[in-house]
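Okay, here's what each chain looks like letter by letter:
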Amino acid sequence: KDGNTDTMGNGGTITEGGTVNENPSSGGGIYIPTEKPATDPIQSGNTTTTDMSGSTVSKGGQTTTIVDKKVADKLAETAVKNNSEEIVINAVTKNQSAASSTKASEVTIPVDTLQTIAEKTNANITIKTNVAEVKLDNKAAEAVASQAQTGTVTIVAEKVKEDAKEVHFELKVVSSSGEVISDFNGGNVAVTVNVPDSLKGKKMVCVYIDENGYWHKVPGQLNANGTYTFTTEHFSTYAIMSEEEADAVIAEQ
């Protein structure tokens, strides 16, 4: 330890503000927040929010957020007490350098919390990450909780491909037992993502890519702020692209 820098056994350093640089010459590293995060839920109108950004860890293009039981219990308790219509978990990293390079985000939540929210409120659950904003309606949250049963579930959003023509996202919900939960039993999930500059100004659509590689259009819309939102009843691989490009591929199929 020397001043504000701790030397790591692997040759990297933890610098003031929470950045761990494993390989200074390459610019890579881990961002671990050192400040004590304020995670107590805040009620605003019909929305209950907990800010997990101060607990979000970034490493190698991935952000990881764990909503522990204490925080989750307070979140559910506040939502039930206020009869909330929406519950927001903000897991967007505060580190701008890490945010710009994030390709995958994971947020882990106790199953008990989902069960309480599903049973005692009609609230939707919105999870904000650097890759995507994922909003589960109450029925989808109930479906995830009932299939996972115990332990935790992790919501995974990953950008797996991006070029001038399209951007692909892989979406998953994984239980602590390793089960992948992809069907929401009639519930809906709205996913909002950023789109490449190359697609802006074009008429865009979203397609679902099934296990056989076939493309299917799904409902979606371009938002005023330039993001794109699509709605789905299951998680898998999705792509945002120009409608002309999608129509050409679907016609070939």
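Just above sits the structure.
Residues numbered from 1 in each chain as written. Predicted model: local features only at pLDDT ≥ 70, side-chain atom pairs only at ≥ 80, totals over all residues. Heavy atoms only, no water.

A. Focus on helix 4 (residues 138-148). Every buried residue belonging to helix 4 is among Asn138, Ala140, Ala141, Ala143, Val144, Ala145 and Ala148, and all of these are buried. Close packing links the buried residues of helix 4 with helix 3 (111-120), strand 11 (124-128), strand 12 (133-136), strand 13 (152-162), strand 14 (166-175) and strand 15 (189-193). One or two positions beyond helix 4, positive phi appears at glutamine 149, with a value near 70°. (Buried < 20%, exposed > 50% of the residue type's maximum accessible area, 1.4 Å probe, protein only. Helix = DSSP H or I, 4+ residues; strand = E, 2+ residues; numbered from the N terminus. Contact = heavy atoms within 4.5 Å.)

B. Quick peek at the packing of helix 3 against helix 4. Between helix 3 and helix 4, the least distance of the axes is 8 Å, while the angle of their chain directions is 140°. Viewed along their axes, helix 3 and helix 4 adopt a mutual orientation that is oblique. Here helix 3 and helix 4 pass one another in a crossing that is left-handed. Where helix 3 abuts helix 4, its residues Val111, Leu114, Gln115, Ile117 and Ala118 lie against Asn138, Ala141, Glu142, Val144, Ala145 and Ala148. In terms of residue class, the contact of helix 3 with helix 4 is made up of eight nonpolar, two polar and one charged. (Axes fitted to C-alpha atoms, helices over the stretch in contact; angles between N-to-C directions. Parallel < 35°, antiparallel > 145°, perpendicular 65-115°, else oblique. Left-handed = near helix turned anticlockwise from the far one by under 90°. Nonpolar A, V, L, I, M, F, W, Y, C, P; charged D, E, K, R; others polar.)

C. Quick look at the packing of aromatic side chains. Within this structure, the stated rule accounts for three aromatic pairs. With centroids separated by 5.0 Å and ring planes inclined at 90°, the aromatic side chains of phenylalanine 184 and phenylalanine 235 adopt a geometry described as edge-to-face. Of the two residues, phenylalanine 184 is situated in the loop between strand 14 and strand 15 and phenylalanine 235 in the loop between strand 19 (228-232) and strand 20 (237-242); the sequence distance between them amounts to 51 residues. The same class applies to phenylalanine 184 as to phenylalanine 235, namely buried. Taken together, the ring pairs connect Tyr208, Phe230 and Tyr238 into an aromatic cluster. (Phe/Tyr/Trp six-rings, centres within 6.5 Å; stacked < 30°, edge-to-face > 60°.)

D. Quick look at the pairing of strand 14. Of all ten residues that make up strand 14, seven are buried, and the element is covered over most of its length. One ladder, built from nine bridges, connects strand 13 with strand 14; its direction is antiparallel. By the bridge assignment, alanine 157 is partnered in strand 14 with leucine 171. The turn joining strand 13 and strand 14, which pair antiparallel and follow one another in sequence, is formed by three residues. (Pairing = 2+ DSSP bridges.)

E. Representation of the nonpolar core within the structure. Grouped together as the largest cluster of nonpolar side chains are 50 residues, with contacts concentrated most on Phe230 and Ile240. The residues contacting phenylalanine 230, other than those within four sequence positions of it, are Leu171, Val189, Ala190, Val191, Cys206, Val218, Pro219, Gly220, Tyr238 and Ile240. Counting residues in hydrophobic clusters, the runner-up holds seven residues, among them Val207, Trp215, Met241 and Ala246. (Core = buried A, V, L, I, M, F, W, Y, C linked by side-chain atoms within 4.5 Å.)

All we've got here are geometric facts, nothing functional implied.
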